[in-house]
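The chain contents come next:
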Amino acid sequence: MLRKGSELLLATGGDREVLLDLDYVTGNRGEPQTTDSYGSLQNGGFIPPRYLSAAAASSDDNDDDEDDPIYIHCDKTSSRPEQPLGGNYFRDGRTKIDFVLVWEVKPRKHRSRWRGQSETSGPEEVGARAEEGSSRSERRKAQLARWRNKFTQNLQNAGILLEKEETASEKKTIHYLNLSAPWDVLVYYAEELILRAPLQAQPNPNFNTSDRILRKLYIPNLMAESLPNRPLDYYTCAFRKSKMEKFLGCENHDTYFTNTQRHRIVYELLARTVYGKRKRAEVGVARLLNEGAYTAAFPLHEGPFELPEYEVHPDELNQRQVLFQYWARWSKWYKYQPLDHIREYFGEKIALYFAWLGFYTAWLLPAAVVGAFVFVSGLMSMGTNTPAKEICNSGGSYLMCPLCKTCKPWNMSDICPMAKVGYLFDHPGTVFFSVFMSFWAVTFLEYWKRKMATLAHHWDCMDFQEEEERPRPEFAAMAPSIEYNPVTGVKEPYFPERARLSRMLTGSMVIVIMLCVVMIFLVSVIMYRGIVSVMMYRTGSFVLRTQAGNIANISSSMVNLALILLMGQVYTALALQLTKWEMHRTQTQYEDAFTFKVFVFQFVNFYSSPFYVAFFKGRFVGYPGHYGTLLGMRNEDCGPGGCLIELAEQLFIIMVGKQLISNVQEFVIPKVKAWQQKRALNKVRGTQNSQEPRRWEEDYQLVECEGLFEEYLEIVLQFGFITIFVAAFPLAPLFALLNNWAEVRLDAHKFVCEYRRPVAERAQNIGVWFNILEALSHLSVIVNAFLIAFTSDFLPRLLYQYKFDNDLNGYVNFTLAYAPPSYTSHPMCRYKAFRDNNGNYTLIYWELLAVRLGFIIAFEHVVFIVLRAIDWMVPDVPESLGLKVKRERYLAKQALADNQEALLVSHRGSASSQGLSNQWSSGELIVDYRKRRACSAPINIDGAVVERVESFKFLGVHITNELSWSKHTKSVVKRARQHLFQLRRLEENWHGSQDPQKALQLHHREHPDRLHHRLVRQLFSI
């Protein structure tokens, strides 16, 4: 509840939060209202200048810190009408809350902490120390209060309606400032932000290919579900206030703009509003949050997500309840995702993430089925594996050389079980699966591009381009100088490019050092594996001796996973600091640099151990009497079942272990954070806990949304596991599929139930992550080619079948060599290699090397040629979508250019007396463009894209290339807008000047442009 005004009325040196207190100014003290108190709800409330002076005193901001009265939208009475939609309205019950700003204020601390020092220090020293610490804290609080005051004042000047609420206790007070954008503000910024407006409704398209196929086959679709309040689909065009009557639903101001559009508009205004000196880039709520002036800024959820206790019709559920009931519940794991509802509630950026995750999960299904089939086929054909039979039946025929200096020779028949199991991961089916997954990865990405284009058009983001980005708050606060922005022409913080490159180079050195640390940990794991193997061999136990390699590999993989997770956390924190230190100007540049750093490190961190096992382990062993060593230890060789089975074990532990740990963290950590936040807020509410918390209090208890970076990174790393090393682990797509079914529901539950509602952001694709996926898909072709050629036994068996025996009889003896005569410890023992009795490579080795290199070249060329063919055959934009785009542009042209003749015809006789008002009352820019062989009707400049033009008609004047007009459309649009702006200024000066000719001469001096003079003469009949 609100504090009483008497508790807030302090002297000018006291609590400056009196500036926005409502109870004080609404007369709750029981005193009669004076002319200095707040006004009515309809007209807003007025804070007298004497109350503002306490917070606005200090002003070094001579340029833009003038203190105008603040109008606060508040309720004069203490009674509250019932608030619909879970309290998402002002106290009047009609004004919708679009955004909430929150800040916390603690009362001045008692100075008893200095009493303990009075025994050893004099009272004057203690008093001075206390006064110094207190004054520093008070100055900081006063500065934050001034910033909040100025920020609120400028918001009010921009037309935003404000209402303040409080939750108070003895320890601190939590202030909530509710913001609402009225209709005029929404219309103005909707046109400036180029929001899309509905022209004509159309049937909702069905984007689920599986649903269309099942419908054609008349098979019931268990995945489909009827959802209430599905958003309609429209043909749209850029919003124009002058064409309001052309848009559907314009008569209802309360529902014309969706809630996400309102949030986007208000957040745009919050990001632009100045709170200090503009030349210091003291602009925007993001920097205020960074400075600590506000603790949170968020739009409200649409009420609770739980269903009411009484029965309610599905159409009466709010958007959040619909998402929870039909999407975020675990029982909906097999249902289609309601992407239109997600987009309407969270915006396009988050909806695209879930669309991509769902699309990827659906495509994992055929990969998982084929992988499982390959694994089962290997399981069923284990009994036909001739080399394994020879090993099991060899008895003492093959006496193998010792695996360490103190170990004894061993018989190859001892590894019979591992020889059989190794065939599961190393048989001809794995080669087929590698080729299949290479085609799968590229085909998946090609069809995702089609899906992405379809969704971008369906969600009106196909032509979306971000405007010139503002500087990041941290950049603005730390930049050493101020320079003009070459795009906007406005002074803003500047950091020298050379200094940034120097810092990026230094950061690269840090990355290299961290990668070296990863290599050190890898070597440590290798040594750990060797030590454990030797310990197992020395026990004398037959079981431990035969399973020593497996025990060492599995335990080392677990240790490696722990190190990977630890190093990932450390490096992510380090990369965050490095990226901040590099001083990237915009948020996009910052995110791209951070993403690159983290992904490069995590790629090496996660994949270094599998790469070692796949391509380096067992390659530098040497031969008896000449073994290679590392730090005094003998280089390790592949285990009894070969390196592929060890690679499969590592992939299983690292991939599945990482997914399990991540899912547990995603499930537990948000709940713990929300519990801590709720507990802290309940302490502030105190005796009010019995009352139901208001909507903004409930949302403030939730966890701040942390973005999508970690979500994308986890799934992209998973994509690498299932494509790069799929030849060794055919079950990887199956485990990825199971994980993603859980991942979708975990993420959905987080966003719907545990996160504060994020600001809806527009996006037309998944950004840099798509480029990373493409790079991984191409890398997987190369890695799998080398994996089959050098790690698998596929090519040695193929060569043996071609040269010696098609049934592989004698293959085991073919792969074994005898120890050199100089190896006197155990003469005539065998080891796996293609060497002669002197330790030199045999002719078979070089033949096999040639076959392997030939296979790599053939494999890569065939796969890449087929991939390019797939890329060529699958267009990025479906043909049906192209027709929809043309239809939409046609409707936009008809709606926005219906009065084209009046706009393009210049009325010479009336121009001088009427200025531009008759011709340009709508504020539209229309261009008549002609191609070399075709002529088209006039179109809006912000409408369809014009590729190449030969001539233009602008304001009725024919403009040709001789007037230095660029042929590129963007240049034309920019130039046309500049002319219109200049002409409008001239019109204002023309009507307001006593000497129009003098005003015209001054205008020509300011704009010495040949084309512009022609336009002026044409329009003003000069």
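Residues numbered from 1 in each chain as written. Predicted model: local features only at pLDDT ≥ 70, side-chain atom pairs only at ≥ 80, totals over all residues. Heavy atoms only, no water.

Helix and strand content of the protein chain: 33 helices and 22 strands. Every one of the 1022 residues in the protein chain was classed for burial, and the buried ones make up 51%. Expressed as a percentage of contacts within the protein chain between residues at least 6 apart in sequence, the contacts between residues at least 24 apart total 73%. When the accessible surface of the protein chain is split by element, carbon and sulfur atoms take 57% of a total near 48700 Å². (Helix = DSSP H or I, 4+ residues; strand = E, 2+ residues; numbered from the N terminus. Buried < 20%, exposed > 50% of the residue type's maximum accessible area, 1.4 Å probe, protein only. Contact = heavy atoms within 4.5 Å. Areas by Shrake-Rupley, 256 points an atom, 1.4 Å probe, with all protein chains shown as cover.)

What follows covers helix 10 (residues 339-346). Since the α-helix advances by 3.6 residues per turn, residues separated by three or four positions end up pointing in the same direction. Across the eight residues that make up helix 10, a large majority, six, are buried. Along helix 10, the residues classified as buried are Leu339, Asp340, His341, Ile342, Tyr345 and Phe346. After helix 10 finishes, the residue Gly347 shows a positive phi value of roughly 100°.

Scanning all chains against the criterion turns up two disulfides. Between the sulfur atoms of Cys392 and its disulfide mate Cys416 the distance is 1.8 Å. Negative torsions about the S-S bond denote left-handed disulfides, and the value of about 85° found for Cys392 with Cys416 makes this one right-handed. Residue Cys392 is located in helix 12 (residues 386-392), and its partner Cys416 is located in helix 13 (residues 416-422); the two are separated by 24 residues in the primary sequence. By relative accessible area, Cys392 is classed as partly exposed at 23%. Note that Cys401 is cross-linked by a disulfide to Cys829, the S-S spacing being 1.9 Å. Its S-S torsion of about 85° marks the bond between Cys401 and Cys829 as right-handed, since a negative value means left-handed. You can see Cys401 sitting in the loop between strand 9 (399-400) and strand 10 (410-411) and its partner Cys829 sitting in the loop between strand 17 (816-818) and strand 18 (830-832), a full 428 residues away along the chain. (Disulfide = S-S within 2.5 Å.)

Moving on: the packing of helix 16 (residues 497-538) against helix 18 (residues 548-581). Put simply, helix 16 and helix 18 touch, their axes get as near as 9 Å, and they point 165° apart. Relative to helix 18, the element helix 16 lies roughly antiparallel. Note that helix 16 runs across helix 18; the crossing there is right-handed. By residue class, the composition of the contact of helix 16 with helix 18 is 20 nonpolar, seven polar and two charged. (Axes fitted to C-alpha atoms, helices over the stretch in contact; angles between N-to-C directions. Parallel < 35°, antiparallel > 145°, perpendicular 65-115°, else oblique. Left-handed = near helix turned anticlockwise from the far one by under 90°. Nonpolar A, V, L, I, M, F, W, Y, C, P; charged D, E, K, R; others polar.)

All right, on to the confidence of the model for the protein chain then. Model confidence for the protein chain is summarised by a mean pLDDT of 75, while 74% of its residues fall at 70 or above. Of all the helices and strands in the protein chain, helix 1 (residues 5-8) carries the lowest mean pLDDT, 32, while strand 8 (residues 296-298) carries the highest, 93. Below a pLDDT of 50 lies the segment residues 110-121, which in the model reaches 12 contacts outside its immediate sequence neighbourhood of four places, other chains included. Note that pLDDT drops below 50 for residues 898-970; the model gives that stretch 151 contacts with residues more than four away or on any other chain. (pLDDT = per-residue confidence, 0-100.)

With that settled, the discussion passes to a nonpolar patch on the surface. A cluster of nonpolar side chains, namely Leu222, Trp333, Tyr334, Leu365, Val369, Leu738 and Trp741, defines an oily patch on the protein surface of about 700 Å² accessible area. Put simply, the parts of the chain that give the nonpolar patch at least two residues each are helix 11 (348-380) and helix 23 (732-754). Positionally, Trp741 belongs in helix 23. The partly exposed category is assigned to Trp741, whose relative accessible area is 31%. (Patch = residues over 30% accessible without salt bridge, like charges linked within 9 Å, V, L, I, M, F, W, Y side chains within 5 Å. Salt bridge = Lys/Arg side-chain N within 4 Å of Asp/Glu carboxyl O.)

A few words on the pattern of salt bridges. Within this structure, the stated rule accounts for 31 salt bridges. Measuring nitrogen to oxygen at the nearest pair gives 2.6 Å for the salt bridge that ties Arg500 to Glu497. You can see Arg500 and its partner Glu497 sitting in helix 16, three residues apart, about one turn around the helix. The exposure class of Glu497 is partly exposed, given its relative accessible area of 42%. Among the charged side chains, a network of salt bridges with common partners joins Arg91, Glu163, Glu165, Arg694 and Glu697.

Quick look at the sheet that holds strand 3 (residues 99-105) now. Reading across the sheet, the four strands line up as 4-5-3-8 and stay open at both edges, with antiparallel pairing between neighbours. On the outer flanks of this sheet lie strand 4 (161-168) and strand 8, each paired with one strand and no other. For this sheet, the mean inter-axis angle between neighbouring strands, taken without regard to orientation, is 15°. Pairing of strand 3 with strand 8 involves three bridges; the strand directions are antiparallel. If you follow Leu101 over to strand 8, its bridge partner there is Ala297. Packing of helix 7 (residues 259-272) onto the sheet brings it into contact with strand 3 and strand 5 (173-180), and relative to strand 3 it is tilted by some 50°. (Pairing = 2+ DSSP bridges.)

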